[in-house]
Structures are given as structure tokens and as C-alpha cells.
Amino acid sequence: MMTSIEELDAVRLRCKSMVKKRALASSGMVLVPLPGADIAADVGLLLELLPAINRQFGLTPEQINRLDPQFKSFLYGVIKTTGSRVIGQLITKQVVLLLLQKVGLRLTAKQALKFIPFAGQAAAAALSGSAMLLIGHAHIEECYAIAKKGFEYQALPQIDE
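Summarised in this report is the structure supplied together with it.

The rules we used
- Residues numbered from 1 in each chain as written.
- Predicted model: local features only at pLDDT ≥ 70, side-chain atom pairs only at ≥ 80, totals over all residues.
- Heavy atoms only, no water.
- Helix = DSSP H or I, 4+ residues; strand = E, 2+ residues; numbered from the N terminus.
- Buried < 20%, exposed > 50% of the residue type's maximum accessible area, 1.4 Å probe, protein only.
- Contact = heavy atoms within 4.5 Å.
- Phe/Tyr/Trp six-rings, centres within 6.5 Å; stacked < 30°, edge-to-face > 60°.
- Salt bridge = Lys/Arg side-chain N within 4 Å of Asp/Glu carboxyl O.
- Expected span 1.5 Å × (residues − 1).
- Arc of directions from axis to C-beta.
- Polar contact = N/O pair within 3.5 Å; in protein donor to acceptor, adjacent residues only side chain to side chain.

1. A short note on the overall build of the protein chain
Here comes step 1: A tally of helices and strands in the protein chain yields seven helices and zero strands.
Here comes step 2: Secondary structure of the protein chain in N-to-C order comes out as α-α-α-α-α-α-α.
Here comes step 3: Every one of the 161 residues in the protein chain was classed for burial, and the buried ones make up 40%.
Here comes step 4: Residue pairs at least 24 apart in sequence account for 77% of intrachain contacts in the protein chain once pairs closer than 6 positions are excluded.

In C-alpha cells form, the structure reads like this:
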């Protein structure tokens, strides 16, 4: 886990940079003329991005399992209260598809717009990138909040029974 709030803030900035790069890649995939290629690319990007963000914050299942049992229990309790399906869990294609469904209106519009030359493709690229940014930034903020609570928990004096 993080040793300071400054380190936690630095991790958040690094993750935002990762999300921005993936959003640009997602926008670019709209230009591929194969139906569904952009959605498949988005799934692939998120299958790589979400675990990478978890890893940066120390919130992969493997990282959490190496923690002290009491702290591990605390973290899983915090994760459960957020309702997150992607923090401290194995991230599957099905989980990513559920996340993409949450931004489904944008993706449906993207599919329709991408076949309109120039202006439609530009709008579809913007929608694709903004959907990736939305999912990525929301995940970063969830991870940040959980890691911060973990940091605060570790800073508390521990009472021995």
C-alpha cells in the first residue's frame, strides 16, 4: 500500500495519463471500417487498463492477498461497500462488457455515427474516447478512495487485545 498521500496523488496522476493514452487509442479504432472492431478494441483496452490501474494502487487480488489478514479483511470490506466489480477481483471480458453497457448510449451512437463520412467519424471518435475516459477516471477515483482509506487505516494506532 501507499506510504503517503503524496505518493497516492502521484499514482492517480500516472493512472490518468494511462487512461488518456487508451482513450486516444479507442478514438482511433473508430476509423477501422470493420463492424465491431472498435468495440472489440475497447474491450481489449479495458482488459489491460483496469488491472494496470489496480496494480498501481496495490489493489490486485494478488497484492491484497499478500497483506496482513486483518488489513486484507478491512480492504475487502471497503471494496464491498463501494460495490466495485473490478477492484480486488479478476477482471473478465464479461465484467468489461457490463462496464461498457453503462455507457451504452454513447457506444450505440458511436456505431451509428462512424458510418457518416468525416463529421460522423469525428463525432464517433469523440464519443469513443469520452466513454473510455469516463470508465477509466471513475475507476481511478474508486481506487484512490479505497487506497486512501487503507492508508488512513494503517496510520491509526493498532490496539492489541
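2. A short note on the packing of aromatic side chains
Here comes step 1: Counted under the stated rule, the structure contains three aromatic pairs.
Here comes step 2: Plain terms: the ring middles of Phe71 and Phe74 are 6.3 Å apart, the flat faces sit at 10° to each other, and that makes the pair stacked. On the criterion of helical spacing, the pair formed by Phe71 and Phe74 is a turn pair, its members being three residues apart in helix H4 (residues 69-82).
Here comes step 3: Owing to a relative accessible area of 26%, Phe74 belongs among the partly exposed residues under this scheme.

3. Section: the pattern of salt bridges
Here comes step 1: The tally for this structure, following the rule as stated, stands at four salt bridges.
Here comes step 2: One salt bridge in this structure joins Arg12 and Asp9, with 3.7 Å as the shortest N-O distance. In this pair, Arg12 and Asp9 both sit in helix H1 (residues 5-29), three residues apart, roughly one turn of the helix.
Here comes step 3: Between Glu141 and Lys16 there is a salt bridge, with the nearest N and O atoms lying 3.9 Å from each other.

4. Focus on H4
Here comes step 1: With 14 residues, H4 should cover 20 Å at 1.5 Å per step; its first-to-last C-alpha distance of 20 Å lies within 8% of that length.
Here comes step 2: Burial in H4 covers these residues: Phe71, Leu75, Val78 and Ile79. Along the long axis of H4, the arc covered by the buried residues comes to 100°, so they all point the same way. Away from the buried face of H4 by more than 90 degrees, exposed residues Pro69, Gln70, Ser73, Lys80 and Thr81 are located.
Here comes step 3: Its side-chain oxygen 3.1 Å from the backbone nitrogen of Gln70, Asp68 forms the N-cap of H4.
Here comes step 4: Note on H4: the residue one or two positions beyond its end, Gly83, has a positive phi of about 80°.

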